[in-house]
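Residues per chain are reported as follows:
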Amino acid sequence: MVFYTSLDVSDSILLKSTDTGFNALYYILLQVDRENNIWHADKINKKHICDKLNLTSSSLEKIIYSLKTRELIISAARGKYKISETLTQDY
C-alpha cells in the first residue's frame, strides 16, 4: 500500500524534519507558480524564507544549492527553478 500526502500543508512532514533544507522547501512550495511549476528566487521570496526560518541569506543560498544537488529543484533560468517531478507527480 502506498501513502502520499501534500507537502505544502501546514502540518507538512517537511516542517517536521530536522533538515533545514526540507523546511525551506516547504516555503518554496508555497511560493511556486503552480500553473508553470516555477519558483521565482527573487529577493522578496528569499527574504520571506529567511525570516520564517531565521536564516541568513548566505545560509539560504547553501540550502538552495543543496536542494539543486539533491535534484529537488531544477534550474530553469537565472533566478527561476522548477520543482522536481519526483515531488509533483501523482502516485
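See above for the structure.
Residues numbered from 1 in each chain as written. Predicted model: local features only at pLDDT ≥ 70, side-chain atom pairs only at ≥ 80, totals over all residues. Heavy atoms only, no water.

Some words on the pairing of strand S3 (residues 80-83)
One face of the sheet, then the other: side chains in a regular strand alternate in exactly this way. We apply this condition: Residue exposure (1.4 Å probe, protein chains only): buried if accessible area is under 20% of the type maximum, exposed if over 50%, otherwise partly exposed. Helix numbers and strand numbers start at the N terminus; a helix is a DSSP run of H or I with at least 4 residues, a strand a run of E with at least 2. A pair of strands is treated as paired once DSSP finds two or more bridges between them.
Judged by which residues are buried, S3 turns out to be one-sided: Tyr81 and Ile83 face inward and are buried, whereas Lys80 and Lys82, on the alternate face, are not. Pairing geometry for strand S1 (residues 38-40) and S3, over 3 bridges, is antiparallel. Within S3, the position partnered with Ile38 by the bridge is Lys82. Between strand S2 (residues 73-77) and S3, which pair antiparallel in sequence order, lie 2 residues; one of them, Gly79, sits at a positive phi of approximately 75°.

Quick word on the environment of Leu87
Position of Leu87 among the secondary structure elements: in helix H5 (residues 85-88). Among the residues examined, Leu87 registers a relative accessible area of 26% and is labelled partly exposed. When the C-alpha atoms of Leu87 and Ile73 are compared, they prove to be 9.3 Å apart, with 14 residues separating the residues in sequence.

Looking at helix H4 (residues 57-69)
As a reminder, the rule being used: The length a helix should cover is 1.5 Å for every residue beyond the first. Throughout, the arc means the angular range of directions from the helix axis out to the C-beta atoms. What makes two residues a contact is simply this: any of their non-hydrogen atoms within 4.5 Å.
For H4, built from 13 residues, the straight-helix expectation of 18 Å at 1.5 Å per residue is met to within 8% by its first-to-last C-alpha distance of 18 Å. Within H4 the residues assigned to the buried category are Leu60, Ile63, Ile64 and Leu67. Around the axis of H4, the buried residues are gathered within 100° of arc, so they sit on the same side. In H4, those exposed residues whose orientation departs by more than 90 degrees from the buried face are Lys62, Tyr65 and Thr69. Buried residues along H4 sit in contact with helix H2 (20-31), S1, helix H3 (43-53), S2 and S3. One or two positions beyond H4, positive phi appears at Glu71, with a value near 60°.

Some points on the packing of aromatic side chains
For clarity, the cut-off: Between the rings of Phe, Tyr and Trp (Trp by its six-membered ring), a pair exists once the centres lie within 6.5 Å; its type follows the angle of the planes, with under 30 degrees stacked, over 60 edge-to-face, and the other angles tilted.
Scanning the model with the defined rule gives 2 aromatic pairs in all. Between the aromatic rings of Tyr26 and Tyr27, the centroid separation amounts to 4.9 Å while the plane-to-plane angle is 80°, which identifies the pairing as edge-to-face. In this structure Tyr26 comes out as buried when scored by relative accessible area, which is 7%. By relative accessible area, Tyr27 is classed as buried at 13%.

Topic: the nonpolar core
Our working rule: For our purposes a nonpolar core is just a set of buried Ala, Val, Leu, Ile, Met, Phe, Trp, Tyr and Cys residues, chained together by side-chain atoms within 4.5 Å.
Residues Leu25, Ile28, Trp39, Ile49, Leu60, Leu67 and Ile73 are the most contacted members of the largest nonpolar core, which totals 21 residues. Ranked by residues supplied to this core, first place goes to H2 with 6 residues. Contact partners of Ile49, with chain neighbours within four places excluded, come to Ala24, Tyr27, Ile28, Gln31, Trp39 and Leu60.

A closer look at the pairing of S2
Pairing between S2 and S3: 4 bridges, direction antiparallel. Within the sheet, the bridge partner assigned to Ile74 lies in S3 and is Lys82.

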